[in-house]
Amino acid sequence: MERFTISLDEDLAREFDALIAARGYSNRSEAVRDILRAQLETSRLAREEAGHCIANLSYVFNHHERELAERVTHDQHEHHDLCVATLHAHLDHDNCMESVILRGPIAEVRAFADALIAKPGIRHGALNLVTAEFGAQSHTHGHSHPHADGYAHPYPHGHYRPRS
C-alpha cells in the first residue's frame, strides 16, 4: 500500500468529512480511494481506452405506445450477444421501466443504448457503464460448457475483472 499526504483548507475538509459521514465511510482513506476509482473510470470511459464493459441501461416508456414494447424486445433479441438480462417494472397504468444489463465492447454497448433511447416513445433513458476485462479463465463450475443453443458465447458466464 502506498501512502501520500494532501492538504485541505478547513471548509473543504469539513465538507469532505460530512460527505464521508453521509456515505458511511469508516475513514478518509476509503473515501479518497472510491473517489479516485470513480474519476479514473470516468476518464477511461471518456477516452474509450477500455475495450469491454458491463452496463445498465434504464429507460421509461408508455406501454400503450404502438408496438414499442415489441420493437424494443426485437432489438434486444437482435443484440443477444450484448443483452444479459432485462427487468421490467410497471410504474403506473401507462408507464413501465426497464433495466437491461449489457456486456460487451464499449462502442457496441453505447451504440445499442443510444439507438434504443432514441426510439420514439422511450423517455428518461440512461446508461451506466463500468469498464471490465473479459476473458476465458481456467476454472470449473461442476458442469460442462457446451451450450444447447449452439452459440459460441463470447464472454463465458459473465466472468469479468473490474478495473481498479
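Asks: I'd like a description of the overall build of the protein chain, backed by residues and values.
Replies: The number of helices and strands found in the protein chain is four helices and five strands. Reading the protein chain from its N end, one meets helices and strands in the order α-α-β-α-β-β-α-β-β. Within the protein chain, buried positions represent 26% of all 164 residues. Intrachain contacts of the protein chain at a sequence separation of at least 6 include 68% that bridge at least 24 residues. Accessible surface, the protein chain: about 11200 Å² in total, of which carbon and sulfur atoms supply 52%.

Asks: Any chance you could break down the layout of surface pockets for me, citing the residues and the numbers?
Replies: Of the volumes computed, that of the largest pocket is approximately 560 Å³. Around the largest pocket, the lining is made up of 16 residues, and of these Phe4, Arg28, Ser29, Val32 and Arg33 lie nearest the centre. At seven residues, helix α2 (residues 28–47) tops the list of elements feeding residues into the lining of the largest pocket.

Asks: Got a sec to walk through helix α1 (residues 10–23)? Specific residues and values, please.
Replies: In this model α1 runs 20 Å from its N-terminal to its C-terminal C-alpha over 14 residues, within 8% of the 20 Å that 1.5 Å per residue would give. Those residues of α1 that fall on the buried side of the exposure criterion are Ala13, Phe16 and Ile20. Down the axis of α1, the sector holding all buried residues measures 65°, keeping them to one side. Exposed side of α1, more than 90 degrees from the buried face: Arg14, Glu15, Ala21 and Ala22 are the residues found there. Looking at the residues trailing α1, positive phi occurs at Gly24, about 80°.

Asks: A description of the packing of aromatic side chains should follow, citing residues and the corresponding values.
Replies: This model, assessed by the stated rule, comprises one aromatic pair. Aromatic side chains Tyr59 and Phe61 sit 6.1 Å apart centroid to centroid with 40° between the ring planes, which places their arrangement in the tilted category. For Tyr59, a relative accessible area of 0% gives the class buried. A residue is classified by how much of its surface remains accessible, and Phe61, at 2% relative accessible area, is buried.

Asks: Describe in detail a nonpolar patch on the surface, supporting the description with residues and values.
Replies: Nonpolar side chains collect at one region of the surface, where Phe4, Ile6, Leu8, Leu12, Leu36 and Leu40 lie side by side and expose about 570 Å² of accessible area between them. When you line up the elements, Phe4 lands in the segment before α1. Judged by its relative accessible area of 59%, Phe4 falls in the exposed class.

Asks: If you had to explain the pairing of strand β2 (residues 83–90) to someone new, which residues and values would you point to?
Replies: Alignment of β2 against strand β3 (residues 95–105), held across seven bridges, turns out to be antiparallel. Pairing of Thr86 across the sheet is with Val100, part of β3. Linkage of β2 to β3, two consecutive antiparallel strands, is achieved through a turn of four residues.

Asks: An account of the environment of Asp94 is needed here, citing residue identities and associated values.
Replies: Assignment of secondary structure puts Asp94 in the loop between β2 and β3. Each C-alpha atom, one on Asp94 and one on Glu65, is 9.1 Å from the other, the two residues being 29 residues apart in sequence. Filtering out sequence-adjacent residues up to four positions away, Asp94 remains in contact with Phe61, Asn62, His63 and His64.

Cut-offs used in this document
Residues numbered from 1 in each chain as written. Predicted model: local features only at pLDDT ≥ 70, side-chain atom pairs only at ≥ 80, totals over all residues. Heavy atoms only, no water. Helix = DSSP H or I, 4+ residues; strand = E, 2+ residues; numbered from the N terminus. Buried < 20%, exposed > 50% of the residue type's maximum accessible area, 1.4 Å probe, protein only. Contact = heavy atoms within 4.5 Å. Areas by Shrake-Rupley, 256 points an atom, 1.4 Å probe, with all protein chains shown as cover. 1 Å grid on protein atoms, 1.4 Å probe; cavity = no way out; pocket = protein on both sides within 12 Å on 5 of 7 lines; lining within 4 Å. Points joined across faces, edges and corners; volume = space filled by probe spheres on them. Expected span 1.5 Å × (residues − 1). Arc of directions from axis to C-beta. Phe/Tyr/Trp six-rings, centres within 6.5 Å; stacked < 30°, edge-to-face > 60°. Patch = residues over 30% accessible without salt bridge, like charges linked within 9 Å, V, L, I, M, F, W, Y side chains within 5 Å. Salt bridge = Lys/Arg side-chain N within 4 Å of Asp/Glu carboxyl O. Pairing = 2+ DSSP bridges.

Nothing here speaks to function; it is all geometry.
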